[in-house]
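Listed here are the chains, written in short residue letters.
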Number of protein chains: 2
Amino acid sequence: MINVAVFGYGNIGRYAEQAIGQAPDMNLAGIFHHDEVEQVIALHPDVVLLCVPSREVPRVAPTFLKVGISTVDSFDIHSSIPEVRQQLNATATAAVSVLSAGWDPGSDSVIRCLLQAMAPEGVTYTNFGPGRSMGHTVVAKSKPGVKDALSMTIPVGKGIHRREVYVILEKGALLSDVETAIKTDPYFVNDDTQVIEVASLEDLNTVQHGVLIERDGVSGVTKDQQMEFKMTINNPALTGQVMVSCARAAYRLANKKQFGCYTMIEIPPVTMLPGSEEENIKKLV
Amino acid sequence: MINVAVFGYGNIGRYAEQAIGQAPDMNLAGIFHHDEVEQVIALHPDVVLLCVPSREVPRVAPTFLKVGISTVDSFDIHSSIPEVRQQLNATATAAVSVLSAGWDPGSDSVIRCLLQAMAPEGVTYTNFGPGRSMGHTVVAKSKPGVKDALSMTIPVGKGIHRREVYVILEKGALLSDVETAIKTDPYFVNDDTQVIEVASLEDLNTVQHGVLIERDGVSGVTKDQQMEFKMTINNPALTGQVMVSCARAAYRLANKKQFGCYTMIEIPPVTMLPGSEEENIKKLV
């Protein structure tokens, strides 16, 4: 049995807990809050799932990696992934870090990589939503003057998206200040972003999300190879599940002493599944 | 530059040659016919692509693997993959064999594996076609009394398929004998198969094919996670390209002395792409 701890108990943490409960080869080592780093280290689980906001990952992951506890996170700031991977790789000398184990970045990255191998020339479009973006919501909530927020992603085609950010303001806060803070944040700066003040988020709160990845590519010199991947999913449930599947991969890589930091495209897909390689090859290949 | 030889120069061999020509990091070491094993060994390329009928793979691959030349094949007899993998793994002590590197088995296997990791409970349906099946066509052609043949795959939903086998008979051959030989072959025995005598295959000859992989699964305890992968492709062009991308993976694994036989779900996806891991992570994750 693989001992897996959950660190951070928000939305993702709760879904990750459920996925551990369903895994035939895992034991829930414990659920820990942000201030319980020492307790996790004392327990020394095989893997700790970092269910914390992305921005905390570069600070929190090394505290576990340096004492030989493997980590999995769903760090989702695409532009910072190469840099954070290098940083965590340097710390993961006796443990494995799986970085950006969610659905995008994450399983979508694996799809994009596979499509690239199948048709090396061409264009891939990733169209998100419509759905609530967890990463963007966390960022919007963090801005001064924001009491609560929710960021929706609306696909406008060919990989371009609009963002609709619904905010409840704190007393005395100015919408124009909040709007500037959100629109200039790296998470939003490249997209057409609308900030909308609302009195309640009740009606907007959905975990439903989706993606459409399209590639029109060339295999060898043969054009018009058409491929697409589409899904409609419960967003935090999928993120929690992918983290748990990657915890299994982390455990196996660490057992083989293949220490270091990996993104999902660097991991043999079969290592994410319970059971022996032989069984899974028989069933899936 | 990776030196890649093409062994067997039929349909797949020609498309593989084109894909090697497009690869920025590969050199075409040569094209060889079935009786030129010694010439390939003398040349000692980094990787040889076995563009031969599936049934020849278990015999041909070891002749190269045992002298330290890595191989890639598109062996497509699903039920025999675990056994052939074990056999080739025993021979690949100083080389890498990538087994079943096509689109099904192959890239579809990676998709099925990934969907399983994203939603461990549930059902995956793989629906093929409509399109010509190369493996089934080769088998039909091999039967006594068959001058030429073409096998079409027609999806009937939920992963079930019909086979339409068009045959041109040799003089004096009986359709009923050919029909029995085809219908009792392991390639056809599980499917509803129709054998149809025709005077010409001209009108039927298409390389267009496709697949729809559907999964309705459960992430943790959250149901109704809907995922699908769909493609419409030139069949031998995609097979040739996937073999070439896997040749790159084989070369890299061999360079790291990670010898043995791998199916595609055992290979880190990023190793199939040209360029450094860092560049590809930046672009795709």
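Residues numbered from 1 in each chain as written. Chains lettered and ligands numbered in written order. Predicted model: local features only at pLDDT ≥ 70, side-chain atom pairs only at ≥ 80, totals over all residues. Heavy atoms only, no water.

### With respect to the sheet that holds strand β13 (residues 260-262) of chain A
Residues and elements named next belong to chain A.
Line of reasoning, step 1. Reading across the sheet, the six strands line up as β2-β1-β3-β4-β5-β13 and stay open at both edges, with parallel pairing between neighbours. What marks the edges here is a single partner per strand, and that holds for β2 (26-32) and β13. The sheet shows a mean angle of 20° between the axes of neighbouring strands, direction not considered.
Line of reasoning, step 2. The sheet strands contacting helix α3 (residues 57-65) are β1 (2-7), β3 (47-50), β4 (70-73) and β5 (96-98), and the helix crosses β4 at an angle near 160°.
Line of reasoning, step 3. Contacting β1, β2, β3, β4, β5 and β13, helix α8 (residues 235-255) runs over the sheet at an angle of about 155° to β4. (Pairing = 2+ DSSP bridges. Helix = DSSP H or I, 4+ residues; strand = E, 2+ residues; numbered from the N terminus. Axes fitted to C-alpha atoms, helices over the stretch in contact; angles between N-to-C directions. Contact = heavy atoms within 4.5 Å.)

### Brief notes about the interface of chain B and chain A
Line of reasoning, step 1. The interface of chain B with chain A comprises 60 residues on the first partner and 61 residues on the second.
Line of reasoning, step 2. Of the roughly 5,200 Å² buried at the junction of chain B and chain A (both faces included), carbon and sulfur atoms supply 68%.
Line of reasoning, step 3. In this assembly, chain B and chain A are joined by 18 residue pairs in polar contact (both at pLDDT 80 or more).
Line of reasoning, step 4. When contributions to the side of chain B that touches chain A are tallied by element, the ones reaching two or more residues are α1 (11-22), α4 (81-91), α5 (107-118), β12 (222-234), α8 (235-255) and α9 (277-284) of chain B.
Line of reasoning, step 5. Judged from the seven bridges that link them, strand β12 (residues 222-234) of chain A and β12(B) form a sheet pairing that is antiparallel. Counterpart to Thr232(A) in the pairing with β12(B) is Gln226(B). (Buried area = accessible area lost by both parts, 1.4 Å probe. Polar contact = N/O pair within 3.5 Å; in protein donor to acceptor, adjacent residues only side chain to side chain.)

### Quick notes on the pairing of β4(A)
All names here are of chain A.
Line of reasoning, step 1. Here β4 shows two buried faces, one formed by Ser70 and Val72 and the other by Thr71 and Asp73.
Line of reasoning, step 2. Sheet topology note: the β3/β4 ladder contains four bridges and is parallel. Residue valine 47 lies in a different strand from β4, and its bridge partner there is serine 70.
Line of reasoning, step 3. In terms of handedness, the path from β3 via α3 over to β4 forms a crossover that is right-handed.
Line of reasoning, step 4. Two strands pair when backbone bridges link them, and β4 and β5 are joined in this way by two bridges, in the parallel orientation. Bridged to threonine 71 within β5 is serine 97.
Line of reasoning, step 5. The handedness of the β4 to β5 crossover, carried by helix α4 (residues 81-91), is right-handed. (Buried < 20%, exposed > 50% of the residue type's maximum accessible area, 1.4 Å probe, protein only. Right-handed = clockwise from strand over helix to strand, strands pointing away.)

### A word on the pattern of salt bridges
All names here are of chain B.
Line of reasoning, step 1. Counted by the stated rule, this structure contains 24 salt bridges over all chains.
Line of reasoning, step 2. In this structure, the salt-bridge partner of arginine 248 is aspartate 25, at a minimum N-O distance of 2.7 Å. Here arginine 248 is found in helix α8, whereas its partner aspartate 25 is found in the loop between α1 and β2 (26-32), with 223 residues between them in sequence.
Line of reasoning, step 3. Judged by relative accessible area, which is 4%, arginine 248 ranks as buried.
Line of reasoning, step 4. Overall, the relative accessible area of 16% leaves aspartate 25 in the buried class.
Line of reasoning, step 5. With a shortest N-O distance of 3.8 Å, lysine 141 and aspartate 148 are connected by a salt bridge. (Salt bridge = Lys/Arg side-chain N within 4 Å of Asp/Glu carboxyl O.)

### Regarding helix α1 (residues 11-22) of chain A
Residues and elements named next belong to chain A.
Line of reasoning, step 1. With twelve residues, α1 ought to run about 16 Å at 1.5 Å a step, and its terminal C-alpha atoms sit 17 Å apart, in line with that.
Line of reasoning, step 2. Along α1, the positions that sit buried rather than exposed are Ile12, Gly13, Tyr15, Ala16, Ala19 and Ile20. On an axial view of α1, the arc spanned by its buried residues comes to 165°, and they lie on one face. (Expected span 1.5 Å × (residues − 1). Arc of directions from axis to C-beta.)

### Focus: unusual backbone geometry
Line of reasoning, step 1. A cis geometry characterises the amide bond from Asp104(A) onward to Pro105(A), with omega recorded as 0°.
Line of reasoning, step 2. Along the polypeptide, Pro105(A) turns up in the loop between β5 and α5 (107-118).
Line of reasoning, step 3. Here the residue pair Gly129(B) and Pro130(B) is connected by a cis peptide bond, since its omega of 5° sits within 30 degrees of zero.
Line of reasoning, step 4. In this structure, Pro130(B) sits in the loop between β6 (121-128) and β7 (131-132).

### Structural notes on the environment of Gly275(B)
All names here are of chain B.
Line of reasoning, step 1. Structurally, glycine 275 can be placed in the loop between β13 (260-262) and α9.
Line of reasoning, step 2. According to the relative accessible area criterion, glycine 275 is partly exposed, its value standing at 35%.
Line of reasoning, step 3. On a C-alpha basis, the gap between glycine 275 and glutamate 197 in space is 50 Å, while along the polypeptide they are 78 residues apart.

### Description of the packing of aromatic side chains
Line of reasoning, step 1. All chains considered together, the criterion is met by four aromatic pairs over all chains.
Line of reasoning, step 2. Its guanidinium or amino end placed over the ring of Tyr9(A), Arg14(A) lies 5.6 Å from that ring's centre, counting from NZ or CZ. (Phe/Tyr/Trp six-rings, centres within 6.5 Å; stacked < 30°, edge-to-face > 60°. Lys NZ or Arg CZ within 6 Å of the ring centre and 35° of its normal.)

### Some remarks on the confidence of the model for chain A
Line of reasoning, step 1. For chain A, mean pLDDT is 96; residues scoring 70 or higher make up 100% of the total.
Line of reasoning, step 2. For this predicted complex, the interface confidence reaches an ipTM of 0.92, while the overall pTM sits at 0.92. (pLDDT = per-residue confidence, 0-100.)

### Observations concerning the relation of the copies chain B and chain A
Both copies of the chain are placed relative to one another by a rotation about an axis and a shift along it.
Line of reasoning, step 1. Placing chain B over chain A gives an RMSD of 0.0 Å and needs a rotation angle of 180°, together with 0.0 Å of translation along the axis. Both chain copies can therefore be described as sitting about a two-fold axis.
Line of reasoning, step 2. Most of the interface of chain B is mirrored in chain A, where 100% of its interface residues again form contacts. (Least-squares fit on C-alpha atoms with pLDDT ≥ 70 in both.)

### Here we look at the pairing of strand β11 (residues 208-219) of chain A
Residues and elements named next belong to chain A.
Line of reasoning, step 1. As judged from the eight bridges shared by strand β6 (residues 121-128) and β11, these two strands associate in the antiparallel manner. Of the residues in β11, the one forming a bridge with threonine 126 is isoleucine 213.
Line of reasoning, step 2. The sheet contact formed by β11 and β12 spans eleven bridges and is antiparallel. Pairing of histidine 209 across the sheet is with isoleucine 233, part of β12.
Line of reasoning, step 3. Remark: two residues form the turn of the hairpin made by β11 and β12, two consecutive strands paired antiparallel; glycine 220 in that turn has positive phi of roughly 65°.

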